[in-house]
Amino acid sequence: MKKLLYQLDTDPLPSVFVNVAGFDGGADHVSAYGGVTMDNVGALVEGAIFTRGPKDKRNTAIFIGGARLSEGQAVLAAVRAKFFGKFRVSVMFDSNGANTTAAAAVAWLGHGRSLHGKRAVVLAGTGPVGQRAALLLAREGAEVAITGRRRAAVQAVSDSINAQFGTDVRPIEAPGPAERMAALEGAHIVLAAGAAGIGLLEAQQWQTHPTLELIADANATPPAGIEGVGASDRGLVSHGKILYGALGFGALKLAVHRACIARLFEQNDLVLDADEIYGIAKDMVGM
Ligand SMILES: NC(=O)c1ccc[n+]([C@@H]2O[C@H](COP(=O)([O-])OP(=O)(O)OC[C@H]3O[C@@H](n4cnc5c(N)ncnc54)[C@H](OP(=O)(O)O)[C@@H]3O)[C@@H](O)[C@H]2O)c1
């Protein structure tokens, strides 16, 4: 029986990255749909759940992606609302690579050390990757803050994370370099999750920082999100800090993505969201 992956993308053009990773994860065929919303996804889900017998349903799976986390979450909720009894298939949710990227970054940050009680700041943490990184750092017992340029936006994002997951992520309005530096006072961990090619921290700001221990940059597009962090750094020690660059944890991100796709076809009732994907990343980190 062929393993069929239905790639449901909230963007008009479905992601090629996700399509390739679907095949590489073990799907025999990947069907990509763009412009998927909570209102039009129902018929697609019915096609997935009503076509194969109970023992064969694990060979059909759904991936939900797209640029906007909130839209993806709404589609995920609509997909799950269609399931009943044995009429369900496994689902992976990874809008903008948020879950796999954050899972890989935080798995590396916590590899071989405890993050419990550490103060963590996710710079420009209002995007999909930053939101999920904030959640996972909080899951590890860190005290987490996210920054954003506008008070209302960063407040709304942290309220949303806290309401969904019972966390206590703190919003910090930080429109410029001085405010971002102030946000790092007393911090042990900084993770830059700004848009591609946006510099958020200068080298001397972290190199001379009295409390920072762990530094990660999710941005792989020059210039770096954190100046002086090499894209391929993975545990490099510099100025007494441990550095992780976007490509340094990107290899784990891709491996986790593929492993998640493979898991989808093992049973028909998995939902792989932030916590589940992070669990897989923790199992795989350092392997
Ligand atoms: N390493 C990997 O494997 C991997 C995988 C996927 C993504 N990524 C990278 O991870 C990063 C985060 O991705 P994402 O999709 O979550 O990012 P995003 O949504 O594009 O941007 C994140 C935040 O950056 C802030 N921002 C945008 N323009 C800015 C500017 N000019 N100055 C300061 N802040 C600005 C915005 O926050 P405010 O408007 O609230 O300030 C925005 O919410 C990106 O660099 C992406 O390329 C890496």
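The text that follows walks through the structure, step by step, so that each part is easy to find. (Residues numbered from 1 in each chain as written. Predicted model: local features only at pLDDT ≥ 70, side-chain atom pairs only at ≥ 80, totals over all residues. Heavy atoms only, no water.)

### Things to note about the site of the ligand
- Neighbouring the ligand are 22 residues; N96, T126, V129, R149 and G194 lie closest to it.
- The contact in question runs from an oxygen atom of the ligand to an N or O atom on the backbone of A196, over 3.4 Å.
- Taken by itself the ligand offers 930 Å² of open surface, and the protein chains cover 75% of this.
- Counting only elements with at least two residues in the shell around the ligand, the list comes to α5 (128-139) and α9 (246-264).
- Of the residues forming the shell around the ligand, the biggest block, four residues, is contributed by α9.
- Considering only residue class, the shell around the ligand consists of eleven nonpolar, eight polar and three charged. (Near = heavy atom within 4 Å. Polar contact = N/O pair within 3.5 Å; in protein donor to acceptor, adjacent residues only side chain to side chain. Areas by Shrake-Rupley, 256 points an atom, 1.4 Å probe, with all protein chains shown as cover. Helix = DSSP H or I, 4+ residues; strand = E, 2+ residues; numbered from the N terminus. Nonpolar A, V, L, I, M, F, W, Y, C, P; charged D, E, K, R; others polar.)

### Some points on the nonpolar core
- With 53 residues, the main nonpolar core has L5, L109 and L137 as its most contacted residues.
- With eight residues, the single largest contributor to this core is helix α4 (residues 98-109).
- In contact with L5, other than residues within four places in its own chain, are G22, A27, H29, V30, S31, A61, I62, F63, I261, L264 and F265.
- One finds V36, V79, F83 and V91 within the second-largest nonpolar core, a separate group that totals 19 residues. (Core = buried A, V, L, I, M, F, W, Y, C linked by side-chain atoms within 4.5 Å. Buried < 20%, exposed > 50% of the residue type's maximum accessible area, 1.4 Å probe, protein only. Contact = heavy atoms within 4.5 Å.)

### Here's the deal with the sheet that holds strand β6 (residues 143-148)
- Spatial ordering of the open sheet is given by β7-β6-β5-β8-β9-β11-β10, a layout of seven strands whose pairing is mixed. Each end of this open sheet is capped by a strand with a single partner; those strands are β7 (170-173) and β10 (234-238). Neighbour-to-neighbour, the strand axes of this sheet turn through a mean angle of 20 degrees, independent of strand direction.
- Of the pairings in the sheet, the one linking β6 to β7 comprises four bridges and is parallel in character. Its bridge partner lying in β7, I146 is registered against P171. (Pairing = 2+ DSSP bridges. Axes fitted to C-alpha atoms, helices over the stretch in contact; angles between N-to-C directions.)

Coordinates in, geometry out; function isn't part of it.
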